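Chain by chain, the residues run as shown.
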Amino acid sequence: MTTKDRVLTLLTACKGAYLSGEELAQSLKLSRAAVWKAVSALKEMGLPIKTQPGKGYCLEAGADFLTRGGIESRLEPGRNWSVQVLGEVTSTNAVLRQQASAGAPDGTVLIAGSQSQGRGRLGRSFYSPADTGVYLSVLLRRDWGPLEARKLTTMAALAACRAVQQVSGKKAGIKWVNDVFLEGKKVCGILTEAAFSLEDGKLEYAVVGAGFNAHCPPGGFPEELASVAGPVFDSPQEEGRNRLAAAFLNAFAGVLAAPQTYQQASKEKCLV
């Protein structure tokens, strides 16, 4: 666990209360400078940490923020995902594809709080504002041919549908294979990209991206999206985005472990 993660763990355990730099330093056996550096890095990631001279640092209670610990603590046993959480990236798919080319292993997951160049199908842009969504990509390495790999988008959409239903308590549906709808509005989009070997035609790796609108951005969605896009949650929920990310990873692992679920989208009446 990094210094940043250790500091965040303590602040999370005392959400809503101040911990002095000295208390953090003593508890974690760190220098005050190391604590300050870790808190600064957490703030840069967008975490709502208040600083007050004489009192120290406080993680706001009830805030909805993304953290690796908050996601990993909700993963089911045996789900061997290796999770990374960043504040902002260009595109989680693009960054993870770079990592895949550099040898990142199967099960690597990249999650971001915002994307500056979020992408959808056919090169379309994907609206990815800060602090209101979950933008994640999963790296898979399987001994699959093209026909098997083609199922990944539908499998991910089914997992997203189940995750949305789990955290919202509302019935979600799949449209156009790669979009998840809730109450008539799109709440998630799926983008799958892959590389194949020219020698045997087998899958080298696949990167499956899922972008969720967890809750409405301040001021609502842009005019061009307002009639189409909707949120998973009616209002910000405490650790709602951590719960949503973990629910998707748990559901996706389950679908991957039982490929026959590819056929269940219509059986479960997920299609809209």
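The notes below deal with the structure included here. (Residues numbered from 1 in each chain as written. Predicted model: local features only at pLDDT ≥ 70, side-chain atom pairs only at ≥ 80, totals over all residues. Heavy atoms only, no water.)

1. Concerning the pattern of salt bridges
Inference 1: One pass over the full model with this rule turns up 14 salt bridges.
Inference 2: Of the charged contacts in the structure, one is a salt bridge between Glu76 and Arg79, with a shortest N-O distance of 2.9 Å.
Inference 3: Its relative accessible area of 26% is what places Arg79 among the partly exposed residues.
Inference 4: The residue Lys202 makes a salt bridge to Asp143 at a minimum N-O spacing of 3.9 Å. Of this pair, Lys202 sits in the loop between β8 (185–196) and β9 (203–213) while Asp143 sits in the loop between β5 (133–140) and α6 (146–149), and the two are 59 residues apart along the sequence.
Inference 5: According to the relative accessible area criterion, Asp143 is exposed, its value standing at 61%.
Inference 6: Because the salt bridges share partners, they merge into one network encompassing Lys15, Arg74, Glu238 and Glu239. (Salt bridge = Lys/Arg side-chain N within 4 Å of Asp/Glu carboxyl O. Buried < 20%, exposed > 50% of the residue type's maximum accessible area, 1.4 Å probe, protein only. Helix = DSSP H or I, 4+ residues; strand = E, 2+ residues; numbered from the N terminus.)

2. Digging into the packing of aromatic side chains
Each aromatic ring pair is described using two quantities: the centre-to-centre distance and the angle formed by the ring planes.
Inference 1: A complete count under the given rule lists four aromatic pairs for this structure.
Inference 2: Judged by centre distance (5.4 Å) and plane angle (25°), the rings of Phe248 and Phe252 are stacked. Highlighted residues: Phe248 and Phe252, both in helix α8 (residues 240–257), separated by four residues, approximately one helical turn.
Inference 3: Under the relative-accessibility criterion, Phe248 is labelled buried at 0%.
Inference 4: Residue classification places Phe252 among the buried residues on the basis of a relative accessible area of 0%.
Inference 5: Among the aromatic residues, those joined into a cluster by ring pairs are Trp81, Phe212, Phe248 and Phe252.
Inference 6: Over the face of the ring belonging to Trp144 we find Arg142, whose NZ or CZ atom lies 5.9 Å from the ring centre. (Phe/Tyr/Trp six-rings, centres within 6.5 Å; stacked < 30°, edge-to-face > 60°. Lys NZ or Arg CZ within 6 Å of the ring centre and 35° of its normal.)

3. A word on the pairing of strand β3 (residues 82–89)
Inference 1: When β3 meets strand β4 (residues 108–115), the two strands line up parallel, connected through seven bridges. Looking across to β4, one finds that Val83 is bridged to Val109.
Inference 2: Each parallel crossover has a hand, and the one from β3 via helix α5 (residues 92–101) to β4 is right-handed. (Pairing = 2+ DSSP bridges. Right-handed = clockwise from strand over helix to strand, strands pointing away.)

4. Topic: the sheet that holds strand β7 (residues 179–182)
Adjacent strands of a sheet form backbone hydrogen bonds with each other and so pair up, either parallel or antiparallel.
Inference 1: As summarised here, the arrangement of the seven strands in space is β3-β4-β5-β9-β8-β7-β6, forming an open sheet in which the pairing is mixed. The open sheet is flanked by β3 and β6 (172–175), the only strands paired with a single partner. Sheet twist, expressed as the average angle between the axes of neighbouring strands with direction ignored, equals 20°.
Inference 2: As paired strands, β5 and β9 are joined by eight bridges and run antiparallel to one another. (Axes fitted to C-alpha atoms, helices over the stretch in contact; angles between N-to-C directions.)

5. A closer look at the layout of surface pockets
Any space left empty among the atoms is revealed by the rolling of a water-sized probe across them.
Inference 1: Put simply, the largest pocket is a space of about 640 Å³.
Inference 2: Around the largest pocket sit 35 residues that line it, and Gly120, Ser125, Phe126, Lys186 and Gly189 are the ones nearest its centre.
Inference 3: When contributions to the lining of the largest pocket are tallied by element, the ones reaching two or more residues are α5, β5, β7, β8 and β9.
Inference 4: Per-element tally for the lining of the largest pocket: the top contributor is β8, with six residues. (1 Å grid on protein atoms, 1.4 Å probe; cavity = no way out; pocket = protein on both sides within 12 Å on 5 of 7 lines; lining within 4 Å. Points joined across faces, edges and corners; volume = space filled by probe spheres on them.)

6. Some remarks on the nonpolar core
Inference 1: In this structure, Trp81, Ile111, Val138, Phe212, Phe248, Leu249 and Phe252 are the most contacted members of the largest nonpolar core, which totals 51 residues.
Inference 2: Once you skip the residues sitting within four places of it in the chain, Phe248 turns out to touch Leu136, Val138, Ala156, Ala159, Ala160, Ala163, Ala210 and Phe212.
Inference 3: Core analysis: the second largest hydrophobic core is formed by 17 residues, Ala38, Val39, Tyr57 and Ala63 among them. (Core = buried A, V, L, I, M, F, W, Y, C linked by side-chain atoms within 4.5 Å. Contact = heavy atoms within 4.5 Å.)

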